Amino acid sequence: MPKYLNPPDHPIKTSSPPPLNEENNISFDVITLTAENNNLKRMSSLLQQLMQEQTDSLAAKDNKLDDLNSKRHMVVAQNQELKRANDKLEATIVELRKQLSTDDDDDYPPLQQLKLCDAEQQTLLETANNTK
């Protein structure tokens, strides 16, 4: 039989895991739990950063909505003010039409007969009306 096939006379030293006993098992559990704990801490930190980013984003959107809402309120107030002014102008128009229709003075032609013209014609018309 060749020499290399014979088992050695002395034991070979290898780096095999230590024999399983309760102390080694506890040590392995502690290492595993420590690694899991570190992973959970990293995940918790990432989650906290994500939540902060979302909170900041929501706060920015909230501020933008507040600004838009303020502008909308200003526009609504201006719109109401313009409606009131429009109503006053319409009432003035109605009143002026009443005055015009009840006015017995024939010196002024009715609104339907008025025509737009250039400045020279306007002057000629005024001169003609003044000479009557």
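Residues numbered from 1 in each chain as written. Predicted model: local features only at pLDDT ≥ 70, side-chain atom pairs only at ≥ 80, totals over all residues. Heavy atoms only, no water.

Digging into the overall build of the chain
Regarding its fold elements, the chain presents two helices and zero strands. Counting only residues that meet the buried cut, the chain has 0% of its 132 residues in that class. In the form shown here, the chain has an accessible surface area of approximately 13300 Å², with 57% of it arising from carbon and sulfur atoms. (Helix = DSSP H or I, 4+ residues; strand = E, 2+ residues; numbered from the N terminus. Buried < 20%, exposed > 50% of the residue type's maximum accessible area, 1.4 Å probe, protein only. Areas by Shrake-Rupley, 256 points an atom, 1.4 Å probe, with all protein chains shown as cover.)

Quick look at the confidence of the model for the chain
The predicted coordinates should not be examined in detail at positions where pLDDT is low. Mean pLDDT over the chain works out to 79, with 59% of the residues at or above the 70 mark. Every residue in residues 1-5 is under pLDDT 50, and counting partners more than four places away or in other chains gives one contact. (pLDDT = per-residue confidence, 0-100. Contact = heavy atoms within 4.5 Å.)

Details of the environment of T34
Its place among the elements puts T34 in helix α1 (residues 22-102). Of the residues examined, T34 reaches a relative accessible area of 41% and is grouped as partly exposed. Within the structure, the side chain of T34 is placed 2.7 Å from the backbone oxygen of V30, a separation counted as a polar contact. (Polar contact = N/O pair within 3.5 Å; in protein donor to acceptor, adjacent residues only side chain to side chain.)

Some thoughts on a nonpolar patch on the surface
A cluster of nonpolar side chains, namely L47, L50 and M51, defines an oily patch on the protein surface of about 290 Å² accessible area. Within the secondary structure, L47 sits in helix α1. (Patch = residues over 30% accessible without salt bridge, like charges linked within 9 Å, V, L, I, M, F, W, Y side chains within 5 Å. Salt bridge = Lys/Arg side-chain N within 4 Å of Asp/Glu carboxyl O.)

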